[in-house]
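A closer look at the structure
Chain by chain, the residues run as shown.
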Amino acid sequence: MRINSPKLNIMYKACMKASKSLIRDFGEVENLQVSSKGPGDFVSSADKRTEKIIIDELLRAYPDYGILSEEAGKINEKNNTNRWIIDPIDGTSNFLNGIPQFAISIGYEEENKIKIGLIYDPIKNELFFAENGNGAFLNNKRIRVSKKKNLKNSLLGTGGPKSNSKIKNEILDEYLEISKYIDTPIRKFGSASLDLANVACGRLDGFWQRELSYWDIAAGILIVREAGGFVDFLDRDINESKKMNLVASNSLIHQELIDLIKKIIEKN
Ligand code: IPD
Ligand code: CA
Ligand code: CA
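Quick look at the structure, then. (Residues numbered from 1 in each chain as written. Chains lettered and ligands numbered in written order. Predicted model: local features only at pLDDT ≥ 70, side-chain atom pairs only at ≥ 80, totals over all residues. Heavy atoms only, no water.)

1. What to know about the coordination of the calcium ion (ligand 2)
Those protein atoms acting as donors to the calcium ion (ligand 2) are Asp87 (OD), Asp90 (OD) and Asp216 (OD), and they sit at 2.1 to 2.3 Å. Taken in sequence order, the residues that donate to the calcium ion (ligand 2) follow the motif D-x2-D-x125-D. In this model, the calcium ion (ligand 2) sits 3.8 Å from the calcium ion (ligand 3), the two metals being bridged by Asp87. One end of the pair, Asp90, is in strand 3 (residues 82–90); the other, Asp216, is in helix 6 (residues 214–226), and 126 residues separate them in sequence. One exposure class covers both Asp90 and Asp216, and it is buried. (Donors = N, O, S within 2.8 Å, 3.2 Å for Na, K, Ca; no water. Helix = DSSP H or I, 4+ residues; strand = E, 2+ residues; numbered from the N terminus. Buried < 20%, exposed > 50% of the residue type's maximum accessible area, 1.4 Å probe, protein only.)

2. Notes on the pattern of salt bridges
The final tally for this structure, using the stated rule, is 15 salt bridges. Across the pair Glu126 and Arg203 runs a salt bridge whose closest N-O atoms are separated by 2.7 Å. In this pair, Glu126 sits in strand 6 (residues 126–131) while Arg203 sits in the loop between helix 5 (192–200) and strand 10 (206–212), placing the two residues 77 residues apart along the sequence. For Lys242, the salt bridge goes to Asp237, with nearest N and O atoms at 2.8 Å. Through salt bridges with shared partners, a single network forms among Lys17, Glu57 and Arg60. (Salt bridge = Lys/Arg side-chain N within 4 Å of Asp/Glu carboxyl O.)

3. Topic: empty space enclosed by the protein
Left-over empty space is what a probe sized like a water molecule reveals as it rolls over the atoms. Scanning all chains against the criterion turns up one cavity of 30 Å³ or more. Roughly 60 Å³ of internal volume is contained in the largest cavity. Looking at the lining of the largest cavity, the elements with two or more residues in it are helix 4 (168–181) and strand 10. Element by element, the count of residues in the lining of the largest cavity is highest for helix 4, at four residues. When the residues that make up the lining of the largest cavity are grouped by side-chain class, the tally is five nonpolar, four polar and three charged. (1 Å grid on protein atoms, 1.4 Å probe; cavity = no way out; pocket = protein on both sides within 12 Å on 5 of 7 lines; lining within 4 Å. Points joined across faces, edges and corners; volume = space filled by probe spheres on them. Nonpolar A, V, L, I, M, F, W, Y, C, P; charged D, E, K, R; others polar.)

4. Points about the site of ligand 1
In the vicinity of ligand 1, 14 residues are found, and the nearest of them are Asp90, Gly91, Thr92, Lys162 and Gly190. At 3.1 Å from an oxygen atom of ligand 1 is found a main-chain nitrogen or oxygen belonging to Gly190. For ligand 1, the accessible surface in isolation is 380 Å², of which the surrounding protein chains cover 85%. Applying the majority rule of atoms within 2 Å of the grid points places ligand 1 in the largest pocket. Of all the secondary structure elements, the ones that give two or more residues to the shell around ligand 1 are strand 3 and strand 10. Among the elements that make up the shell around ligand 1, the one with the highest residue count is strand 3 (three residues). Residues of the shell around ligand 1, tallied by class, amount to three nonpolar, six polar and five charged. The residues that make up the shell around ligand 1 include at least three from each of domain 1 (6–143) and domain 2 (151–267). (Near = heavy atom within 4 Å. Polar contact = N/O pair within 3.5 Å; in protein donor to acceptor, adjacent residues only side chain to side chain. Areas by Shrake-Rupley, 256 points an atom, 1.4 Å probe, with all protein chains shown as cover. Sits in = over half its atoms within 2 Å of the grid points. Domains from an automatic or database assignment.)

Written as structure tokens, this is what we have:
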């Protein structure tokens, strides 16, 4: 593993410790699936358990660093200089249903800029990580985005809409229009962080999704960019307290994808 900095090392250790408990819990979910109670409550406690392990490890190493985590919210809020962004289980619905497509995602920011990103798929034992300026890696190998040149032949991923989305129809319409434009059916894998990781290593040529939260994407944004890809947002004022509309791709199809989405938005 090419772990270059002390901070990445701490992130890696926190993630590995948490993933042991997560794998055990995933095994338990598979048992609960067939029980009458179902795995719902157990999964939300698994989420919190995983998060606690990660946060405890990070705070042990850097007690005054800020944290933004999906379940726990903000910790050491006054520290704007150094901050961890955590999604303990990204792909909860998959986890809940015993589908092995979920990840731990941890980003590290300095002065509001993402410096380190780490996404770990505990089932496939795939660790995606990047440090600002040092390229992106999957386990020991350097990764790069795909070289696909046109959108029509591209393999794209997306996600959503959530049941409570106010723009459900727009999201579904976008999905429909983009589906008509490209040859291969769009993938919906259900874990935005892994979708971004898959763009970074060239498995997907592009990914777009509306209404994402910052913890879904913080680590993935850096990993895609360090793998040579582009990440942009459809809105001018992006703000972590709002939902984010993201487009990520191999860079060669980027403008075409953004133009297509904008055309669909204008038509509506
Ligand atoms: C979700 C996943 C999913 C995406 C949702 C996210 P969660 O995160 O990333 O792929 O479509 O928008 O909320 O709830 O599993 O952590
Ligand atoms: Ca998430
Ligand atoms: Ca989550």
